[in-house]
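# Architecture at a glance
So you can see what is in the structure, the chains are spelled out below.
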Amino acid sequence: MKGKESAIEDVKAIIKESQNMVFFGGAGVSTASGIPDFRSPNGLYHQKTNRPYPPEYYFSHEFCMDDPDGFADFTRECYQSYQVPPSGAHLQLAKWEKEGKLSAVITQNIDGLHQRAGSRKVYEVHGNMHDIYCPHCGHQVPTKDFMAGKGRYPCPRCGHNVRAAVTLYGEALPQVAFSQAIEAIASCDTFIVGGTSLVVYPAAGLLNYYRGDRMILINREATPADSRADYVLHGDISEILPALAD
Ligand code: NAD
């Protein structure tokens, strides 16, 4: 029944017969790798830090514009903290792709862990913290060159400050990735959604593009979309996804 906690065996049976699954996830997919999410009780929004501004500010267009040195160093700090092993969830999704059962991963995450786990078709609807480019002339800077620097990094071609290809608060989503995500969701047989509070729009609106009857929602806590899912599993996604493949 929609919205009610499902039996793992029922979901396993669905996964077994699926041939074209799509996964859509968020920060909860990476918490088992040691990267905090935003909204969990121990997430970034609830942590005490000695930073002068709230966490949202550091992921905002405003910060990027107002403090180019601070934003560049914040990018490096995030990038360093993302150099961790993928979780059981990342690894299972990569395995399903390799087996030909999963056609795409759509992620709100900016940490690059799906690619590190071996996933090839990853649509990053909020961009990432490792592709460094010049927003003025489009020149790409090797990640290692930028990460080795300190403060702002002027584009070697035009002199404007380069930045990570991440979608900050106050910025539009990457259109190509978003359109690819919609297309993948609209044509999949089974849609797995997990590790996301589903409160960040427009990404959370992606659920509207699924028209089938196999939407599986996996999250530690209830989400506003539980009542729309055909199957709901509450728990740690890094344990549940591998268990579904057993
Ligand atoms: P969120 O913090 O709003 O919600 C995370 C959700 O995941 C919560 O509902 C929580 O209960 C659940 N969760 C946490 N650990 C889990 C686990 N192991 N198993 C199952 N569920 C788990 O995150 P969001 O919905 O992704 O939206 C916030 C935005 O923050 C996103 O746009 C994302 O780009 C960004 N973000 C990214 C990272 C990252 O790249 N790793 C980290 C923090 C925030």
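These figures come from a predicted structure and were not determined experimentally. (Residues numbered from 1 in each chain as written. Predicted model: local features only at pLDDT ≥ 70, side-chain atom pairs only at ≥ 80, totals over all residues. Heavy atoms only, no water.)

## Digging into the overall build of the chain
Helix and strand content of the chain: 9 helices and 9 strands. Relative to the globule expectation of 18 Å for 246 residues, the C-alpha radius of gyration of the chain, 18 Å, shows essentially globular dimensions. For the chain, the C-alpha atoms occupy an extent of roughly 55 × 35 × 30 Å along the three principal directions. The long-range fraction of contacts in the chain, counting pairs at least 24 apart against all pairs at least 6 apart in sequence, stands at 65%. In the chain, which carries 23 positive and 28 negative side-chain charges, the distance between the mean positions of the two groups comes to 3 Å. (Helix = DSSP H or I, 4+ residues; strand = E, 2+ residues; numbered from the N terminus. Rg over C-alpha atoms; globule rule 2.2 N^0.38 Å. Contact = heavy atoms within 4.5 Å. Lys, Arg positive; Asp, Glu negative; His and termini not counted. Charge placed at Lys NZ, Arg CZ, Asp CG, Glu CD.)

## Some points on the packing of helix α5 (residues 88–98) against helix α9 (residues 237–245)
For the pair α5 and α9, interaxial distance at closest approach is 7 Å and the crossing angle is 35°. With respect to the hand of their crossing, α5 and α9 are arranged in left-handed fashion. Taken together, the residues of α9 that come into contact with α5 (itself represented by G88, A89, Q92, L93 and W96) are I237, S238, L241, P242, L244 and A245. Partitioned by chemical class, the residues of the contact of α5 with α9 number 8 nonpolar, 3 polar and no charged. (Axes fitted to C-alpha atoms, helices over the stretch in contact; angles between N-to-C directions. Left-handed = near helix turned anticlockwise from the far one by under 90°. Nonpolar A, V, L, I, M, F, W, Y, C, P; charged D, E, K, R; others polar.)

## Concerning the environment of V22
Secondary-structure assignment places V22 in strand β1 (residues 21–25). Each C-alpha atom of the pair V22 and L102 lies 5.8 Å from the other, and the pair is 80 residues apart in sequence. When near neighbours in sequence (up to four residues on either side) are disregarded, V22 contacts S103, A104, I106, A184, I185, C188, T190, F191 and I192.

## A closer look at the domain arrangement of the chain
Size of an interface: often given as the accessible area lost when the parts come together. As assigned here, the chain comprises domain 1 (1–33 + 86–126 + 173–246) and domain 2 (36–81 + 130–166). Each of domain 1 and domain 2 has a C-alpha centre, and the two are 27 Å apart. On the side of domain 2, 7 residues touch domain 1, which itself brings 11 residues to the contact. Summed over the three residues of domain 1 that lose the most area to domain 2, namely T31, I110 and E221, the buried surface amounts to 40% of that side. Put simply, domain 1 and domain 2 have 0 salt bridges between them. The residue inventory of the side of domain 1 that touches domain 2, partitioned by class, reads 4 nonpolar, 5 polar and 2 charged. (Domains from an automatic or database assignment. Buried area = accessible area lost by both parts, 1.4 Å probe. Salt bridge = Lys/Arg side-chain N within 4 Å of Asp/Glu carboxyl O.)

## A short note on the site of the ligand
Around the ligand there are 26 residues in total, and R39, Q108, D111, H126 and S197 lie nearest to it. Between the ligand and the protein, one listed contact pairs an oxygen atom with a backbone N or O atom of F38 at 2.7 Å. Contact with the protein chains removes 97% of the 850 Å² of surface that the ligand exposes when unbound. In this structure the site holding the ligand corresponds to the largest pocket. (Near = heavy atom within 4 Å. Polar contact = N/O pair within 3.5 Å; in protein donor to acceptor, adjacent residues only side chain to side chain. Areas by Shrake-Rupley, 256 points an atom, 1.4 Å probe, with all protein chains shown as cover. 1 Å grid on protein atoms, 1.4 Å probe; cavity = no way out; pocket = protein on both sides within 12 Å on 5 of 7 lines; lining within 4 Å. Sits in = over half its atoms within 2 Å of the grid points.)

## Quick notes on unusual backbone geometry
At the junction of Y201 and P202, the peptide bond is cis and its omega measures out at 5° in the coordinates. By the element assignment, P202 lies in the loop between β7 (190–194) and β8 (215–219). One non-glycine residue with positive phi stands out, namely L198, at about 60°. Tracing the backbone through its elements, the reader meets L198 in the loop between β7 and β8.

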